[in-house]
Amino acid sequence: MESVHVRLGPRSYEIALTTAQPAGVGPFARRALPASTAALVVSDANTASLANDVEATLRANGFRTASVTVPAGEGTKSLAELSNLYDALYAMTADRRTAVVAVGGGVVGDLGGFAAATYNRGLPLLMVPTTMLAMVDSSVGGKTGVNHPKGKNLIGAFHQPAGVWIDTAFLDTLPDREFRSGLAEVVKYGVILDEPFFDDLEANAGDLLAREPATLRHVVGRSCRLKADVVEKDEREETGLRAVLNYGHTFAHAFETVGGYGGWLHGEAVAAGMVCAARLAERHGLIGPVLGQRQLALLTKFGLPTASKPEWPMDELIAVMRRDKKAAGGNLRFILPTRLGEVRLFDDVPEALVRDVLAAP
Ligand SMILES: NC(=O)c1ccc[n+]([C@@H]2O[C@H](COP(=O)([O-])OP(=O)(O)OC[C@H]3O[C@@H](n4cnc5c(N)ncnc54)[C@H](O)[C@@H]3O)[C@@H](O)[C@H]2O)c1
Ligand SMILES: O=C(O)C(=O)C[C@@H](O)[C@H](O)[C@H](O)COP(=O)(O)O
Ligand SMILES: [Zn+2]
């Protein structure tokens, strides 16, 4: 079995990368959670049947289980749904060794992860991602949380999982739109950290869209390694390094908030956000036109949106951006590319340039 190791001292963990090994979750959980004898399995309406299989293999490996199925979609990352998970943990008499096992996409992972971070002041967490986005990004690194009605992910905590079990066969049932949404975060890794990986994505875009198994495993594995490398150096986004993973997200979170949660998928918003960020970098004199052109072409090939919607009020978008978690003293801050494979944090971008970029078709 392939794996990616995340080195974080006592919070280190393994990301197992498998294909069509549904019975492997239980033994993996047994190794990752040696002290746990109970688990709450969280899924959504579209992953409940995968979660049933996971539950069976957990039981076969010595876990007493309970389960909760939440509604599918971004609206579920809410305090109300979080409260339902606390109720389920209470009902099963959870103690500090009871694990939360999140079987689903980023919504289930962020919500279940935040319940694990906070119930009894912290329970062990196992991630079983079932979307492309969750496999390449949200299941790794320990960001958990829910949305505030006026801002994405404003309520949350850092809480690393004890392990991540990726089975790329789970993607067999994932609809195309959700799959493509995950590819936005993959393109992000190429732009921010790894030019050869970006070249690779351009060269193999067709195979990736066709979900060719070897291409899929390579892309998922490389994405996890790239994210883990950043998280290992700046686990809690304290030095500014981890903020590179937020490329495109100042715009993206504003699009998701102003457009209404669940309108655009997260990856769709990230795609348009990265196009805006590259344009901003160009107008700020950091890069020439080529990076933006290549990024735009790849995102277009992946069928992702590449511009803000004209009906979204500019003032509202800017107001949301000022409350972004990277903002300091209400000042806008952006992660911008300085060349393909390298980005930096900038806090000196004039608001007028941001407005120009948002207005561009
Ligand atoms: N914590 C982090 O580091 C991090 C990173 C990136 C994104 N996120 C968050 O992740 C969320 C987006 O995650 P997502 O794109 O996975 O969305 P999602 O969790 O809403 O899943 C997308 C859709 O696919 C369905 N689905 C999931 N697995 C399936 C499967 N195997 N077969 C069929 N349908 C399936 C879901 O029910 C849902 O309808 C956003 O809230 C975003 O903010 C968090
Ligand atoms: O893991 C990170 O760090 C990221 O920024 C990954 C992003 O893709 C992800 O969308 C994250 O949830 C955004 O973080 P936030 O702190 O801006 O809410
Ligand atoms: Zn993201």
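As the structure is a prediction and not an experimental result, all values here were calculated from the model. Sequence order as written defines the numbering, with residues in each chain counted from 1. Here chains are named by letter from A upward and ligands by number from 1 upward, in the order in which they appear as written. Confidence filtering applies because this is a predicted model: local features only for residues at pLDDT of at least 70, side-chain atom pairs given and counted only at 80 or more, and all residues used for totals across whole chains, interfaces and linings.

Student: Help me understand the domain arrangement of the protein chain, please; the structure alone is not making it clear to me.
Tutor: Start and end positions for the domains come from either an automated domain assignment or a database one. Here the protein chain is described as being made up of domain 1 (2-173) and domain 2 (178-359). Spacing between the C-alpha centres of domain 1 and domain 2 amounts to 25 Å. Residue assignment for the side of domain 1 that touches domain 2 shows that the elements contributing at least two residues are β1 (2-6), β2 (13-18), α5 (132-138) and β8 (151-158). A run of DSSP states H or I qualifies as a helix once it reaches four residues; a run of E qualifies as a strand once it reaches two. Both are numbered from the N-terminal end. The greatest single-element share of the side of domain 1 that touches domain 2, amounting to five residues, is contributed by α5.

Student: It is not clear to me how the site of ligand 1 should be interpreted in this structure. Could you clarify?
Tutor: For ligand 1, the set of nearby residues contains 30 residues, the closest of which are N46, G105, G106, T131 and S138. Those elements that place two or more of their residues in the shell around ligand 1 are α4 (106-118), α5, α6 (176-193) and α11 (266-283). Grouping the constituent residues of the shell around ligand 1 by class yields eight nonpolar, 15 polar and seven charged. Two domains each donate at least three residues to the shell around ligand 1, and these are domain 1 (2-173) and domain 2 (178-359). Whether a residue is near a molecule or strand depends on its C-beta atom, placed from the backbone, lying within 6 Å of it. Here the nonpolar group is Ala, Val, Leu, Ile, Met, Phe, Trp, Tyr, Cys and Pro; Asp, Glu, Lys and Arg are the charged ones; every other residue, Gly included, is treated as polar.

Student: I'm lost on the packing of helix α10 (residues 249-259) against helix α13 (residues 314-322) in this one. Help?
Tutor: Angle between the axes and distance between the axes: these two values describe a pair of packed helices. Every angle, taken between N-to-C directions, lies between 0 and 180 degrees, and every axis is a line fitted to C-alpha atoms, over only the stretch in contact when it is a helix. Running from amino to carboxyl end, α10 crosses α13 at an angle of 120°, the nearest separation of the two axes being 9 Å. Accordingly, the angle class assigned to the pair α10 and α13 is oblique. Every pair of crossing elements has a handedness; the one defined by α10 and α13 is right-handed. Counted together, T250, H253, A254, T257 and V258 of α10 and E316, L317, V320 and M321 of α13 form the full contact between these two elements. The residue inventory of the contact of α10 with α13, partitioned by class, reads five nonpolar, three polar and one charged. If an angle is under 35 degrees, it is roughly parallel; if it is over 145, roughly antiparallel; if it lies from 65 to 115, roughly perpendicular; otherwise it is oblique. By convention the crossing between two helices is left-handed if the near helix lies anticlockwise of the far one by an angle smaller than a right angle, and right-handed if it lies clockwise. Placing C-beta atoms from the backbone, we regard two residues as in contact once those atoms come within 7 Å.

Student: Is there a simple way to think about helix α9 (residues 213-233) in this case?
Tutor: An α-helical segment advances 3.6 residues per turn. Residues three or four places apart therefore align on the same side. How far a helix is expected to stretch is found by multiplying one less than its residue total by 1.5 Å. Its 21 residues give α9 an end-to-end C-alpha distance of 31 Å, which sits within 8% of 30 Å, the value for a rise of 1.5 Å per residue. Each residue is classified by how many other C-beta atoms fall within 10 Å of its C-beta atom, where C-beta atoms are placed from the backbone; a count of 20 or more means buried, 12 or fewer means exposed, and values in between mean partly exposed. Burial in α9 covers these residues: L216, V219, V220, R222, S223, C224, L226, K227, A228, V230 and V231.

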